[in-house]
Amino acid sequence: MEHWRIPYLGQRRLPSKLEDFELTTFFTFNRSELACIGQRQKPLFKLAVALQIGFIRMSGITLDAVDNVPKRLWRHLADQIGVQDPPDIASLASIYAERPRTLADHQQTAYEKLGFSRLTEHQRRYVVRWLRETLQGRAGVSSLLGELKQWFYEHRILLIADRELKRLISQAHRDQEQQLGDELIKTYSLPTLDQWAKVLTEARSDGTPVQSWLWSPPIKQSTVQISHFFEKIEYLTALGVAGQWPAQINESATRFYGQRRGNRPPSISARITGVRRTIEVGCFLRYALCTASDQMLEMLRRWIRKMVNKAGKETAPQYNEAQGRLRKFAQGVRDRATNKGLTEAELREQLVTLADEALKQSKLTRAALGREWLVDNPRQARAMLKQLLDISLESDGEHPVIMALERLREIYASKGTELPPSASIDLGSRWRAAINGTDRKRALAAFEWATLLKLRLSLRNGSVFLAHSFKYRGYAALLIPKDEWQVQRNHHYGHLKAHQDPKEQLAQYKALLRERLDEFAKAVQDGRVRVDTEGIHLEHQPVSDEDKRVAELRRALHAQHAEGQISDMMLHVDSKVRYSWHLLGREPNSRDELLLAYASAMNLSTAMSAAEVARMIPGMTAEAVRSMTKRLCSERQLRASADAVFQYMQQFEIAGHWGRADLASSDMMSLEIPRNIWQARADPRRRTASMGVYTHAHDRWGFFYDQPVVLNRRQVGVAIEGVVRQRATNDIAQLAVDTHGFTYFGMLIAKLLRFDLCPRLADLKSRRLHVPVDFDVPEILDCVVDRDLDEAEMEAHHDEHVRIAASIYTGHCSAVLALERYGSDARGQPAYDAGVQIGKLLTTIYLLDYFINPAFRSEVQHALNRGESMHTLQRAIHDGQVPSDLAKREETLAGVSSALSLMSNIVMAWNTEQMQAALDRIREAGGQPATEHLRRIAPTAVEGINFRGTFDFPVEKYAERIMPSTAAAAPRRRGWANG
């Protein structure tokens, strides 16, 4: 069900005003329904049954109150069923009042026609079981009422009263919390949990409560901050938090309860009692431990990279000197070779002398000089390793990093300053000579730096992991467990529609490869594509001028655009889709609460702080905005609100002209954040400290997924995650990405998840085509083809690849984590190497399509350009720096990302509605704009929209649609909207 339809569910009264799309969606009948309505003899009863059918389709419940049917709806129903002179609605209300059985008969006819039935006792027990199962995978219940109503509707069960639904949810939630509390008590004991609760309210030596200290994020990237987080981990480990964690309390529940306690002042949290206190205390400490571990390891990895870069800068002059010596040697050889006065013997003697002098100098590269500098400066590495030894890093089987850390533990315990000769641990060939050298003090320094660099790589590929971590878990925790996989293997293969026989799967790929190679060879022969030893060359397509008809149509579609503030648009779109209901998890209770939700969305989506937003909305306080902002970020309903607006925009007929329903693109846009934020990275284009917002843009405009990311990292995992997790549109078949959103392994995982990555690759002409060994290739293509794919290796790891895809598909792990584990640092792991080979095969098939099909090539480029246009709109909304209090934590950054998508979708939905009205006027005047022209006109115009200033929210104008209960309860009360 579309998100925008959920707020209608359970409504017991008709809206006082109905929009055209509501009449079309709910009160327009098919042939079978019209036949059912026509069985009634009296026109009034025909209208009554039609009214009940439409209302049940809209709300999932029968209509009892017929005294407020809008006249427009009554006329629409009459036109639908052919009643020329419809009776007055008051006569129907009087009949129902005198004859309740007639009302019941009409309601039963309507809901039976739509396939609905009333809730039975058996179904009630099933609902309770479904609620318990649903709550096992989540923690918050703010959006569960809407989901439960949706479940009733999809199972064609008439909705029961909201208070009864809330009672069922409340009971299931209490049962779940009791179960979680029992698991914590069983694992840690009640006295221990009580002691932890007491500890959190105590003050440290500097007066800071322990809870606030544990909750605080890193101030900036520095060794001091790394030491502080080592201290936190040590403190929590001493409390016993790092022990065995109950498997029944998953990551989602840990995050929810941990963040809920962390977002409250310690004094308020101390008032919580009972089982909820037990859960919040245990989950908060576990969340604090896991996030502290993640942040410490992330800062450690970045510090190691920073030290390597520093070594390169410090030794740059030495490298230049080495280059000078090389040039001097070459000039000496040249001078002697051109000196005709030298005899052959003298020339030989002088050349040998030059060569001996050169050979005495060791081979110098930038990396070698950098390693020498690191060995000469071991102090910081030693201090970092001494702290790292207290962290319980693990590996599956023997691992050189774990062995090296154990050896260092022994050396530091004995206060040694030299590396014992017996330390034969392979930490890489580049360090071997220094570790095995005669100077054992320098050997220890080399051993320490080699351990840190190997650790950095091993954390990335998952071969070294930490049990109390969210991001650096081992493969056993990341993927579906092997014993569970063996039991449910067929089930997962069926869901993914994957071949169980790898030979069949590979045969499909090879058949497609054969077909595309033949087509490509023909294109080369025809001169449409040119290949040579330098690569593949496509004919350059000159940029054509825009068609005058497109420019004229654009002016016509935007000519009568209404101007106004963003506040007007927010209210107008909210009146259509009620996205504020998603934000709050229910209907707003008052005008103040509604404005507070809007203010928080603006605080997150613009560069304005809470105080600045409060000053722009009369009657608002900064503290209230901050409190609501925390709530919106913790409950994660911004994404659902953005989806509801996106789906509303897609309802318009003009959207169908804009593009394909199964094509999308994804790309990153940077947002400036304060330089001292620990996750800040330099944007190479804008040269500012920034974080990334990675968005998925539909080919028919609008954002349907978003996620914050750290800059300068591969984005293929985020690209795949968006397609798998999005719930706003039907399955995406193709996703256009740029080079940053592409890896060979990612091509394979996307294919197994039933969609295609379509990358626009850099340096395209140098790309090689990869085919299996001994694969027959047209001779004309030999210069651009590599026969380097091993079929046996690809087949051997097919099951492991499907297991990885199934783990992502079922939510056992995110695509971001999975693709980080199976990134370039995983080279040498059999599953990764085999996956890269299959990815090369799939990429070859894709590139062949890209080369021989100009229309497809243009489509991919067009989709990516569409995403860039929407980023321009986002920059118009968010034109400054993310406030510091929102940039420090992951959940608030996620809120910024989703709120920006929501606001962008609101502007595009507003423009779409205006453009549809203009298109209708053009058609009424006899014009028929072509689809290819409409496709080139975007709903991203911001001219005439005021994003700043004092905002006026005329809530009264839209109150009956946004807050129907409040408006109906006090229709004549003065000033109701101010309360």
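Residues numbered from 1 in each chain as written. Predicted model: local features only at pLDDT ≥ 70, side-chain atom pairs only at ≥ 80, totals over all residues. Heavy atoms only, no water.

If you check an unreviewed UniProt entry, the protein appears there as Tn3 family transposase from Roseateles puraquae. As its UniProt record puts it under Sequence similarities (unreviewed entry), the protein is described as follows: "Belongs to the transposase 7 family." (UniProt positions renumbered as here; feature names shortened; annotations may be inferred.)

*Asks:* Describe the overall build of the protein, naming the residues involved and giving the relevant values.
*Replies:* Within the protein one finds 44 helices and 14 strands. Here the C-alpha radius of gyration of the protein, 33 Å, is about what a compact globule of 979 residues would show, namely 30 Å. With respect to the principal axes defined by its C-alpha atoms, the protein has extents near 125 × 80 × 60 Å. Burial status across the protein gives 53% buried among its 979 residues. Restricting the contact set of the protein to residue pairs at least 6 apart, pairs at least 24 apart contribute 76%. Here the protein has roughly 44400 Å² of accessible surface; of this, 48% comes from carbon and sulfur atoms. Measuring between centres, the 134 positive side-chain charges of the protein sit 4 Å from its 119 negative side-chain charges. (Helix = DSSP H or I, 4+ residues; strand = E, 2+ residues; numbered from the N terminus. Rg over C-alpha atoms; globule rule 2.2 N^0.38 Å. Buried < 20%, exposed > 50% of the residue type's maximum accessible area, 1.4 Å probe, protein only. Contact = heavy atoms within 4.5 Å. Areas by Shrake-Rupley, 256 points an atom, 1.4 Å probe, with all protein chains shown as cover. Lys, Arg positive; Asp, Glu negative; His and termini not counted. Charge placed at Lys NZ, Arg CZ, Asp CG, Glu CD.)

*Asks:* Tell me about the side chain of Arg857, and please be specific about residues and values.
*Replies:* Topologically, Arg857 is positioned in helix H39 (residues 854–877). Residue contacts for Arg857: discarding those within four places in its chain leaves Leu538, Tyr850, Phe851 and Ile852.

*Asks:* Pulling in residues and values, what's your account of the packing of aromatic side chains?
*Replies:* Taken as a whole, this structure holds 30 aromatic pairs when the rule is applied. Pairing Trp130 with Trp151 gives two aromatic rings, centres 5.7 Å apart and planes at 35 degrees, and the pair type is tilted. Of this pair, Trp130 sits in helix H7 (residues 121–136) while Trp151 sits in helix H8 (residues 144–154), and the two are 21 residues apart along the sequence. When the ring of Trp215 is compared with that of Phe284, the centres are 6.2 Å apart and the planes differ by 35 degrees; the resulting orientation is tilted. With Trp215 in helix H11 (residues 210–215) and Phe284 in helix H15 (residues 274–314), this residue pair connects regions lying 69 residues apart in the sequence. Considered together, Trp215 and Phe284 belong to a single accessibility category, that of buried residues. Here a set of aromatic residues connected by ring pairs shows up, and it is made of Trp4, Tyr8, Phe21, Phe26, Tyr648 and Phe652. Across the ring face of Phe470, the terminal group of Arg255 is positioned such that the distance to the ring centre comes to 4.2 Å. Here the guanidinium or amino end of Arg889 rests over the ring plane of Trp215, the centre of that ring lying 3.7 Å away. (Phe/Tyr/Trp six-rings, centres within 6.5 Å; stacked < 30°, edge-to-face > 60°. Lys NZ or Arg CZ within 6 Å of the ring centre and 35° of its normal.)

*Asks:* A description of the pattern of salt bridges should follow, citing residues and the corresponding values.
*Replies:* Tallied over the full model, the rule gives 57 salt bridges. The closest approach of N and O atoms between Lys510 and Glu791, which form a salt bridge, is 3.2 Å. Of this pair, Lys510 sits in helix H25 (residues 502–526) while Glu791 is found in helix H35 (residues 791–796), placing the two residues 281 residues apart along the sequence. Its relative accessible area of 25% is what places Glu791 among the partly exposed residues. Look at the salt bridges and you will find they share partners, linking Glu177, Arg260, Arg264, Arg276 and Glu280 into a network. (Salt bridge = Lys/Arg side-chain N within 4 Å of Asp/Glu carboxyl O.)

*Asks:* For the UniProt feature "domain: Tn3 transposase DDE" (unreviewed entry) in the protein, give the residues involved together with the corresponding values.
*Replies:* Here, the residues flagged by UniProt with the feature "domain: Tn3 transposase DDE" (unreviewed entry) are residues 568–951. For residues 568–951, the helix share is 52%, the strand share is 13%, and the end-to-end C-alpha distance is 9 Å.

*Asks:* Tell me about the packing of helix H3 (residues 43–59) against helix H4 (residues 71–81), and name the residues and values.
*Replies:* Their axes nearest at 10 Å, the elements H3 and H4 cross at an angle of 110 degrees. For the element pair H3 / H4, the angle class is roughly perpendicular. Contact residues: H3 offers Leu44, Lys46, Leu47, Ala50 and Leu51, while H4 offers Leu73, Trp74, Leu77, Ala78 and Ile81. A breakdown of the residues in the contact of H3 with H4 according to their chemical character gives nine nonpolar, no polar and one charged. (Axes fitted to C-alpha atoms, helices over the stretch in contact; angles between N-to-C directions. Parallel < 35°, antiparallel > 145°, perpendicular 65-115°, else oblique. Nonpolar A, V, L, I, M, F, W, Y, C, P; charged D, E, K, R; others polar.)

*Asks:* Can you lay out H4 for me, pointing to particular residues and giving the numbers?
*Replies:* Listed as buried for H4 are Leu73, Trp74, His76, Leu77, Ala78 and Ile81. Buried positions along H4 lie against helix H1 (20–26), helix H2 (31–38), H3 and helix H5 (89–98).

*Asks:* Hey, could you go over the environment of Pro15 for me, with residue numbers and the actual values?
*Replies:* Within the secondary structure, Pro15 is located in the segment before H1. Residue Pro15 is classed as buried on the basis of its relative accessible area of 5%. As for Pro15 and Ile962, which are separated by 947 residues in sequence, their C-alpha atoms are 10.0 Å apart.

*Asks:* Give me the lowdown on the environment of Arg889, citing residues and values where you can.
*Replies:* Secondary-structure assignment places Arg889 in the loop between helix H40 (884–887) and helix H41 (890–924). Setting aside its immediate chain neighbours within four residues, Arg889 contacts Trp215, Ser216, Pro217 and Tyr287.

*Asks:* So what about the packing of helix H34 (residues 744–752) against helix H36 (residues 798–809)? Which residues, and what values?
*Replies:* Two numbers describe how H34 lies on H36: the axes approach to 9 Å, and their chain directions differ by 65 degrees. Classed by the angle they form, the pair H34 and H36 counts as roughly perpendicular. In this structure, the crossing between H34 and H36 has a hand that is right-handed. Side by side, H34 and H36 meet where Phe745, Leu748, Ile749 and Leu752 of the first sit next to His801, Val802, Ile804, Ala805 and Ile808 of the second. (Left-handed = near helix turned anticlockwise from the far one by under 90°.)

*Asks:* An account of the state of the cysteines is needed here, citing residue identities and associated values.
*Replies:* By the definition in use, this model includes zero disulfides. Cys283 carries a free sulfur, and the closest cysteine sulfur to it, the one in Cys290, is 10 Å from it. (Disulfide = S-S within 2.5 Å.)

*Asks:* Which residues make up the confidence of the model for the protein, and what values do they have?
*Replies:* Looking at the protein as a whole, its pLDDT mean stands at 90, while 97% of the residues score no less than 70. Considering each helix and strand of the protein separately, the mean pLDDT is smallest for helix H16 (residues 316–338), with a value of 76, and largest for H34, with 97. Per-residue pLDDT stays below 50 along residues 972–979; that stretch engages in nine contacts with residues further than four places along the chain or on separate chains. (pLDDT = per-residue confidence, 0-100.)

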